[in-house]
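Coordinates in review
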Amino acid sequence: SLSMGLIMAVCLSLLSIAAEPVVSLSTELWLTVSIGSFVVGWVFQFIGHYFEGKKVLITGASSGIGKALAIALSKFNTELVLASRNTNALEQVAAQCHSKAQVTIAELDLSARANHQAFVHKFEGFDLVFHNAGISQRSLVAETIFDVDHKLMEVNYLGTVHLTKLLLPSML
């Protein structure tokens, strides 16, 4: 399963590198979601049985690859906790999930680290965690203010690391 995870990570990395700056954001987003959904579906055809009976956290489950992952995993007997800042979108994703899965939605902002401990106490005991939450920006480095860089690091790196460190003791 490690090799399949690496294949998936490489595919998604190549996808993000290959995005042309000339392409409009909506087209790029559609392409990312479409290819990401295809890769997730393809991978689960081969390793889906592994997820049977597992409790799974998916951050960033309100859209994109996180959403595709939630829908794909719901086809198995899984307990899914779908987390995102956008609970309205999470409700729509939960409605698209298969009835085999037990789906819970949870509001989670990775940049609000003070709230992570309460989240972990409420939803601990995960077998698997898929970190898909993140933000991006579309501008030249020279034109990007430092506050934007700081927010990107807070959400995409520090928030993810912090949440992972809180979750690990109950997963080991």
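Please read all numbers here as calculations on a predicted model, not as lab measurements. Each chain has its residues counted from 1, following the order in which its sequence is written. Two thresholds apply to this predicted model, a pLDDT of at least 70 for residue-level local features and 80 or more for giving and counting side-chain atom pairs, whereas whole-chain, interface and lining totals are computed over all residues. As a rule here, side-chain values come from all non-hydrogen atoms in the structure, and water together with hydrogens is ignored.

**Notes on the sheet that holds strand β1 (residues 55–59)**
Between any two strands, at least two bridges found by DSSP are needed for them to pair. Helix and strand definitions follow DSSP, with helices as H or I runs of at least four residues and strands as E runs of at least two, each counted in order from the N terminus. What the 4 strands build is an open sheet, ordered β3-β2-β1-β4; its pairing is parallel. Unpaired on one side and paired on the other, β3 (102–107) and β4 (128–131) mark the two borders of the sheet. Pairs of neighbouring strands in the sheet enclose a mean axial angle of 15°, with direction left out of account. Here β1 pairs with strand β2 (residues 79–84) via 5 bridges, running parallel. Residue Leu57 lies in a different strand from β2, and its bridge partner there is Val81. Each of β2 and β3 touches helix α4 (residues 87–96); the most contacted strand, β3, lies at about 170° to it. Contact criterion: two residues are considered in contact whenever any of their non-hydrogen atoms come within 4.5 Å of each other. Axes, fitted as lines to C-alpha atoms, cover a helix only where it is in contact. Angles between the N-to-C directions of the axes lie from 0 to 180 degrees. On top of the sheet, helix α5 (residues 116–123) reaches β1, β2 and β3; it is set at about 165° to β3, its chief contact.

**So, the pairing of β1**
In terms of residue burial, β1 counts as a mostly covered element, since 5 of its 5 residues are buried. In this scheme, a residue with accessible area under 20% of its type's maximum is buried, one over 50% is exposed, and one in between is partly exposed, where area comes from a 1.4 Å probe on protein chains only. Alternating residues of β1 divide into Lys55, Leu57 and Thr59 and Val56 and Ile58, and every residue in both groups is buried. For the handedness criterion, the β-α-β arrangement of β1, helix α3 (residues 64–73) and β2 is classed as right-handed. Two strands pair when backbone bridges link them, and β1 and β4 are joined in this way by 4 bridges, in the parallel orientation. Its bridge partner lying in β4, Leu57 is registered against Val129. Look down the strands so they point away from you; if going from the first strand over the helix to the second traces a clockwise path, that crossover is right-handed.

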